[in-house]
Amino acid sequence: MVREHPWRARVRHWRTPRDIAPEALTLADLADKVLGARRPLIVAGSGVVAARADPGLRALAAEARIGVYNTWRAKGVLPWDSDYHLGTIGLQARDLELCELESYDLIVTTGLADGEQPVLPDGLPLADCPVADLEILAVRCAEREGPETTEAPLRDRLAAVVQKAWGGAKPPLAPTLITRQYALLLGERGMVAADAGTAGFFLARTFPTLRPHSVELPSEPQPGFAARAVFARRAAEPGLPAVALVDGGAPDDATREAVAEAASRGISVPVVCWTPDGPQVGIEDHLEDVRRAVAAGESHVVVVGYDPTQLADLEHVAGNITAWR
């Protein structure tokens, strides 16, 4: 008889965030816990972005030398190249298993909204820090003497797949190469939004974010989300380098409606459609198409073909996609 892996057995007994609310502590008690922990960890959610509390989170990570996992709706709370940015979680079935959460003696949660993925399993040593207290906690924990917690087993395993494709500029284009090049094309100001789906998954998993709001993703499937997100940002910041990603060979009805509404207000919304059956172009040709669409005064649609086999490679590492399901 084949014995089930103990982690998989625990998955069936995970409870909702309300059932496993982190321990309520005073700020002084929480600081004492952080200072006394040998292997602390931080898990940050979308509330950090909503409250614009990322400076406090970055300070806490750096001052106390604690690694941070962010949910996929909190991308950018730490720069992708920070020593303390351990990666994005909640996208695939084995994310939490590969993070080795049970090896930590304290997990500080902050900004996790009700129902936000991933749901952390029962039995972990959780303690919550309100987003408004992050900067104060950083000051109180600046003298932490324990070792850094910067190991990132999930990120390291995924990197082998992600980076392998960066050198291939010829078609079919690897999705991870496309997202990396979008970041370089749009610069520090730019933003990319995506609907739920394949393009949205690769954006969440592999786009190298430097700050919050450089990536916009829906909490649940919502047709037209990407186009409306770009519309809203360009209405507030005219000329912002931005692009909306959707799956398929052409925009769906909701996307077309959002683009038309934006056009009626004189705002262009560049849309890029990802489909395996799209034009098989090299990365430079695709980037030139996107560059022209972003700079144009009218909305343009760019269709690009991508290599679908990379998705299977990532699923081999971290399991099936669980975001939006």
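Fair warning: this is a prediction, and the values are worked out from it, not measured in the lab.

Draft legend 1. Quick peek at the layout of surface pockets. One number sums up the size of the largest pocket: a volume of about 740 Å³. What lines the largest pocket is a set of 29 residues, and nearest its centre among them are W80, T206, F207, P208 and T209. Mapped by element, the contributors of at least two residues to the lining of the largest pocket are β3 (85–89), α7 (153–164), α8 (175–186) and α9 (198–206). Considered class by class, the residues forming the lining of the largest pocket number 13 nonpolar, 9 polar and 7 charged.

Draft legend 2. Here's a closer look at the side chain of N70. As for its placement among the helices and strands, N70 is situated in strand β2 (residues 68–71). A polar contact is formed between the side chain of N70 and the side chain of T88, at a distance of 3.1 Å. Among residues more than four places away in sequence, those in contact with N70 are A44, K75, V77, H85, G87, T88 and I89.

Draft legend 3. Spatial organisation of the pattern of salt bridges. Throughout the structure, instances matching the rule amount to 10 salt bridges. Salt-bridge contacts for R39 lead to E151; the nearest nitrogen and oxygen are separated by 3.4 Å. With a gap of 112 residues between them, R39 in the loop between α2 (27–36) and β1 (40–44) and E151 in the loop between α6 (134–140) and α7 connect regions that are remote in the sequence. On the basis of relative accessibility, which here comes to 24%, the residue R39 falls in the partly exposed class.

Draft legend 4. Seen up close, the packing of α7 against helix α13 (residues 309–318). Running from N to C, α7 and α13 cross one another at 165°; their axes reach a closest spacing of 10 Å. The orientation of α7 with respect to α13, classified from their angle, is roughly antiparallel. Viewed along their axes, α7 and α13 form a crossing whose handedness is right-handed. From α7, L154, R157, L158, V161, V162 and K164 reach across to α13, where they touch Q310, D313, L314, V317 and A318. Residue composition of the contact of α7 with α13, by class: 7 nonpolar, 1 polar and 3 charged.

Draft legend 5. Structural view of helix α11 (residues 253–264). Given a rise of 1.5 Å per residue, 12 residues ought to cover 16 Å, and the 17 Å separating the end C-alpha atoms of α11 matches this to within 8%. Turning to α11, its buried residues are T255, A258, V259 and A262. Projection of α11 onto a plane perpendicular to its axis shows the buried side chains occupying an angular sector of 100°, all on one side. Among the exposed residues of α11, those pointing more than 90 degrees away from its buried face are D253, E257 and S264. Positive phi shows up at G266, right after α11, with a value of about 75°.

Draft legend 6. Quick look at the packing of aromatic side chains. For the structure on display, the rule yields 4 aromatic pairs. Arranged with centres 5.0 Å apart and planes meeting at 65°, the rings of W72 and W324 form a pair that is edge-to-face. With W72 in the loop between β2 and β3 and W324 in the segment after α13, the pair connects residues that are 252 residues apart, well separated along the chain. With relative accessibility at 4%, the residue W72 sits in the buried group. A residue is classified by how much of its surface remains accessible, and W324, at 15% relative accessible area, is buried. Pairing F201 with F202 gives two aromatic rings, centres 5.3 Å apart and planes at 70°, and the pair type is edge-to-face.

What counts as what
- Position labels on residues start from 1 in each chain and follow its written sequence.
- The model is predicted, so local features are restricted to residues of pLDDT at least 70 and side-chain atom pairs to those at 80 or more, both for listing and for counting; the totals for chains, interfaces and linings are taken over all residues.
- Note that the side-chain values use all heavy atoms of the structure and ignore hydrogens as well as water.
- Two kinds of site are reported from a 1 Å grid over the protein atoms alone, namely cavities, where a 1.4 Å probe fits but cannot get out, and pockets, open sets with protein on both sides within 12 Å along at least five of seven lines, and residues are called lining when an atom falls within 4 Å of a point.
- Grid points are joined across faces, edges and corners, and a volume is the space filled by probe spheres set on the points.
- Helix numbers and strand numbers start at the N terminus; a helix is a DSSP run of H or I with at least 4 residues, a strand a run of E with at least 2.
- Gly is put with the polar residues, along with every residue not named as nonpolar or charged; the nonpolar set is Ala, Val, Leu, Ile, Met, Phe, Trp, Tyr, Cys and Pro, and the charged set is Asp, Glu, Lys and Arg.
- Identification of polar contacts relies on pairs of N or O atoms within 3.5 Å, with a donor-acceptor requirement for protein atoms, meaning one able to donate a hydrogen and the other able to accept it, and with residues adjacent in sequence counted only if both atoms are side-chain atoms.
- By definition, residues are in contact when any of their heavy atoms lie within 4.5 Å.
- Here, a salt bridge means any side-chain nitrogen of Lys or Arg that lies within 4 Å of a carboxyl oxygen of Asp or Glu.
- Exposure classes here rest on a 1.4 Å probe applied to the protein chains alone. A residue is buried below 20% of its type maximum, exposed above 50%, and partly exposed in between.
- The angle between two axes is taken between their N-to-C directions and runs from 0 to 180 degrees, where each axis is a line fitted to C-alpha atoms and a helix contributes only its stretch in contact.
- Here the angle decides the label: under 35 degrees means roughly parallel, over 145 means roughly antiparallel, 65 to 115 means roughly perpendicular, and every other value means oblique.
- With the far helix as reference, a near helix turned anticlockwise by less than a right angle produces a left-handed crossing, and one turned clockwise produces a right-handed crossing.
- Here a helix's expected span is defined as the number of its residues, less one, multiplied by 1.5 Å.
- This arc describes the spread of directions from the helix axis toward the C-beta atoms.
- Note on aromatic pairs: the rings of Phe, Tyr and Trp (six-membered ring only in Trp) are paired at centre separations within 6.5 Å, and the planes decide the class, stacked below 30 degrees, edge-to-face beyond 60, tilted for the rest.

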